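This is what each chain is made of:
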Amino acid sequence: MKQYAVKTLTEGRHKLFYIQDNESYEIVLHPSKYLKYKIDTNCSPNTVRRIAFALSYYMEYLSQQELELIEVGELGYEEQNRHFVQFLYWLLEGRHLEKHRKQSTGKGTCNAYLKSVFGFFLYMAECGQIKYLKVLSYNQVTVATSVGIKRTIRSQTFRGYFKPKERNVRAAEEVEIIEILQACTNTRDQLLLLMIAETGFRIGEILGVDYTRDIDYQRKTVRVYFRDDNENEARAKNAEHRRARISDETFEFLLSYLNEYRKLLQRGTFLFINIEGDRAGKPMMVGSVYDMLKRMEKKTGHKITPHMLRRYFARSRRQENWNLEMISMALGHKHLDTTIKYLGNLDDKLLEASKEFYEKHSELYGIDRLL
C-alpha cells in the first residue's frame, strides 16, 4: 500500500482535493494547501486532480529517497537536476503505481507530472517555505530583430524532460460522420456530434452548454461561457468566452431534440443529459460520450473522437478559405502554432503555392543568366 493517497471532499458544488498520509491518516499540509490554491484560482477540477496525483507520486518518491521538500531546495544544481531526472525515470517505470497495476507510463504523462511538481515548488518558494529551485533558473540571451529592436529570450535551464511523442491525430472524414450519425439510436447523440462538428468546441465545452443561457435562438448561435460550478465538471478551457453559429438544419434538429426530451430537460439547464436509467435528466459526463463512440465504432467500423471532430472543423473551414487566425479563434487556441498542427495538409498547400509562385515569376532572380 502506498504511503500517500489523493482524497476528495465536496464543499457545496466544489470538489476539493487533498493528500493524506496513509500511515498517520493526517492531511499532508503544504501539497494540500497548494491544491486548494489551484481551486481558488479557477483551475479546472480535472487539472487539479492530475496535479494532486502528481504531488502524491512525488511525495512517495521523496519518502523512498528519504528526502524532505526543504532538503531538495538545498541541493546544488547538478544534484537537483539528477534528482528530478531520476524521478522521471521512476515514473516511466511505473513505480508510482500499486504492484498489481504496474505498467510503463507515457513520456508525455511523466513530463506533465514533473511540470506539476515544479509548479508546487514555485508556489512554495513564493510563500517563503523553501528556496527557489536552481534547475528552474533561467538562461537569458538578448538578440536584435531585423529592424534593430532588442528582444530578450528566456528559457528554463532544466533540460531533463523526455522528448515528447508527436501526437498524430487525424481529422474525422465527412463520410465517417454521416455513417455514425445514421447508426446513432437517439437524437441526443446525433445532436452532440453535429454540434461538435459545426462549432469546433471541445467536449468539455459542449457538455457545459446551458440551453437556457448559452443559446441565442434568434441568431442560432451557441456560446461557451466559463462557469466553475458545472455538475459534470465540464467547463470552457482557459476561462474563455466564444460563440459559434450552427447551420439552419442543425438548429431545427436542436429544436426537435428540446421538444422530444423537454420533460427530462426541465429537471435542469444542461443541454446534453442522460436520457434513461437512474441518472435520467442529469448532465451527461465525458465518459458517457466516449462509451457511445465506442459503440458506434463496433457498429460502423469507424473510430472517431471528439478531438477528431474538432480537427474536421478546422480542416473543412480551411478548405473553404478561412484564414488561420479565424480558425484559431473559433477553436479557442492560444497559439497559432497549435492551429497549424491541426491542419496537417498545410505544408502541402504551402509547397503548392510556392511552386505556383515560381512558375509565375521564373525570371525573378535571373538565374538563367548565372548558369
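All values derive from a computational prediction rather than experimental measurement. (Residues numbered from 1 in each chain as written. Predicted model: local features only at pLDDT ≥ 70, side-chain atom pairs only at ≥ 80, totals over all residues. Heavy atoms only, no water.)

A few points about the overall build of the protein chain
Turning to step 1, where the next piece is worked out: The number of helices and strands found in the protein chain is 15 helices and seven strands.
Turning to step 2, where the next piece is worked out: Out of the 371 residues belonging to the protein chain, those deemed buried represent 45%.
Turning to step 3, where the next piece is worked out: In the protein chain, the share of contacts with a sequence separation of at least 24, taken over all contacts with a separation of at least 6, comes to 55%.
Turning to step 4, where the next piece is worked out: When the accessible surface of the protein chain is summed, it comes to about 22000 Å², and 48% of that surface belongs to carbon and sulfur atoms. (Helix = DSSP H or I, 4+ residues; strand = E, 2+ residues; numbered from the N terminus. Buried < 20%, exposed > 50% of the residue type's maximum accessible area, 1.4 Å probe, protein only. Contact = heavy atoms within 4.5 Å. Areas by Shrake-Rupley, 256 points an atom, 1.4 Å probe, with all protein chains shown as cover.)

Some thoughts on helix H2 (residues 45–65)
Turning to step 1, where the next piece is worked out: Between the first and last C-alpha of H2 there are 30 Å, a value that for 21 residues agrees with the 30 Å anticipated at 1.5 Å per step.
Turning to step 2, where the next piece is worked out: In the segment just after H2, Glu66 is the residue with positive phi, at about 55 degrees. (Expected span 1.5 Å × (residues − 1).)

A few points about the pattern of salt bridges
Turning to step 1, where the next piece is worked out: Summed over all chains, the structure comprises eleven salt bridges.
Turning to step 2, where the next piece is worked out: In this structure, Glu205 engages Arg202 in a salt bridge whose closest nitrogen and oxygen atoms are separated by 2.7 Å.
Turning to step 3, where the next piece is worked out: Assessed through its relative accessible area of 3%, Glu205 is described here as buried.
Turning to step 4, where the next piece is worked out: Judged by its relative accessible area of 15%, Arg202 is buried.
Turning to step 5, where the next piece is worked out: By sharing partners, the salt bridges in this structure join Arg202, Glu205 and Arg242 into a single network. (Salt bridge = Lys/Arg side-chain N within 4 Å of Asp/Glu carboxyl O.)

Comments concerning the packing of helix H7 (residues 187–199) against helix H9 (residues 248–260)
Turning to step 1, where the next piece is worked out: Contact geometry of H7 with H9 gives a least axis separation of 10 Å together with a crossing angle of 150 degrees. Like other packed secondary-structure pairs, H7 and H9 cross with a definite hand, here left-handed. Along the contact surface, H7 presents Thr187, Arg188, Gln190, Leu191, Leu194, Met195 and Glu198, while H9 presents Thr250, Phe253, Leu254, Tyr257 and Glu260.
Turning to step 2, where the next piece is worked out: Of the residues assigned to the contact of H7 with H9, the class counts are six nonpolar, three polar and three charged. (Axes fitted to C-alpha atoms, helices over the stretch in contact; angles between N-to-C directions. Left-handed = near helix turned anticlockwise from the far one by under 90°. Nonpolar A, V, L, I, M, F, W, Y, C, P; charged D, E, K, R; others polar.)

Thoughts on unusual backbone geometry
Turning to step 1, where the next piece is worked out: The residue Tyr25 is not glycine, and still its phi comes out positive at about 60 degrees.
Turning to step 2, where the next piece is worked out: On the secondary structure map, Tyr25 appears in the loop between strand S2 (14–21) and helix H1 (29–40).
Turning to step 3, where the next piece is worked out: Among the residues examined, Tyr25 registers a relative accessible area of 61% and is labelled exposed.
Turning to step 4, where the next piece is worked out: Although it is not a glycine, Glu66 adopts a positive phi angle of roughly 55 degrees.

Quick word on the packing of aromatic side chains
Turning to step 1, where the next piece is worked out: Summed over all chains, the structure comprises 24 aromatic pairs.
Turning to step 2, where the next piece is worked out: Each ring, one from Phe84 and one from Phe118, has its centre 4.9 Å from the other, and the planes form 75 degrees; the classification is edge-to-face. With Phe84 in helix H4 (residues 77–92) and Phe118 in helix H5 (residues 107–126), this pair connects stretches of sequence that are 34 residues apart. Accessibility assignment for this pair places Phe84 and Phe118 in one class, buried.
Turning to step 3, where the next piece is worked out: For Phe118, a relative accessible area of 3% corresponds to the buried category.
Turning to step 4, where the next piece is worked out: One residue, Lys115, lies across the ring of Tyr161, its end atom 5.3 Å from the ring centre. (Phe/Tyr/Trp six-rings, centres within 6.5 Å; stacked < 30°, edge-to-face > 60°. Lys NZ or Arg CZ within 6 Å of the ring centre and 35° of its normal.)

Section: the nonpolar core
Turning to step 1, where the next piece is worked out: Ranked by internal contacts, the top residues of the largest apolar core, which has 46 residues, are Leu192, Ile206, Tyr257, Leu271 and Phe272.
Turning to step 2, where the next piece is worked out: Secondary-structure elements contributing two or more residues to this core are helix H6 (174–183), H7, helix H8 (203–207), strand S6 (221–224), H9, helix H10 (262–265), helix H11 (286–300) and helix H12 (306–319).
Turning to step 3, where the next piece is worked out: Looking at this core, the element that brings in the most residues is H7, giving six residues.
Turning to step 4, where the next piece is worked out: When neighbours within four sequence positions are excluded, Leu192 is seen to be in contact with Ile206, Leu207, Phe272, Met284, Val289 and Met292.
Turning to step 5, where the next piece is worked out: Grouped together as the second largest cluster of nonpolar side chains are 44 residues, Tyr4, Tyr34, Phe84 and Val117 included. (Core = buried A, V, L, I, M, F, W, Y, C linked by side-chain atoms within 4.5 Å.)

Considerations on the side chain of Arg223
Turning to step 1, where the next piece is worked out: If you trace the backbone, Arg223 turns up in strand S6.
Turning to step 2, where the next piece is worked out: Side-chain polar atoms of Arg223 contact the backbone oxygen of Arg213, separated by 3.0 Å.
Turning to step 3, where the next piece is worked out: Apart from residues lying up to four places away in sequence, Arg223 is in contact with Val209, Arg213, Asp214, Arg242 and Arg243. (Polar contact = N/O pair within 3.5 Å; in protein donor to acceptor, adjacent residues only side chain to side chain.)

What about the pairing of S2?
Turning to step 1, where the next piece is worked out: The buried count for S2 comes to six of eight residues, which makes it a mostly enclosed element.
Turning to step 2, where the next piece is worked out: Pairing analysis gives eight bridges linking strand S1 (residues 4–11) to S2, with the strands arranged antiparallel. Note on S2: the bridge partner recorded for Thr8 is Phe17. (Pairing = 2+ DSSP bridges.)

Structural notes on helix H13 (residues 324–331)
Turning to step 1, where the next piece is worked out: Along H13, the residues that are buried comprise Leu324, Ile327, Ser328 and Leu331. One face of H13 carries all of its buried residues, which in axial projection span an arc of 100 degrees.
Turning to step 2, where the next piece is worked out: If you check the start of H13, you find a side-chain oxygen 3.2 Å away from the backbone N of Glu325, and it comes from Asn323.
Turning to step 3, where the next piece is worked out: The positive-phi residue at the C-terminal boundary of H13 is Gly332, with phi of around 75 degrees. (Arc of directions from axis to C-beta.)

Some remarks on the environment of Val209
Turning to step 1, where the next piece is worked out: One can find Val209 in the loop between H8 and strand S5 (215–216).
Turning to step 2, where the next piece is worked out: A sequence separation of 14 residues divides Val209 from Arg223, and the C-alpha atoms of the two residues are 7.4 Å apart.
Turning to step 3, where the next piece is worked out: Leaving out residues up to four positions away in the same chain, Val209 has contacts with Asp214, Ile215, Val222, Arg223, Thr269, Phe270 and Leu271.

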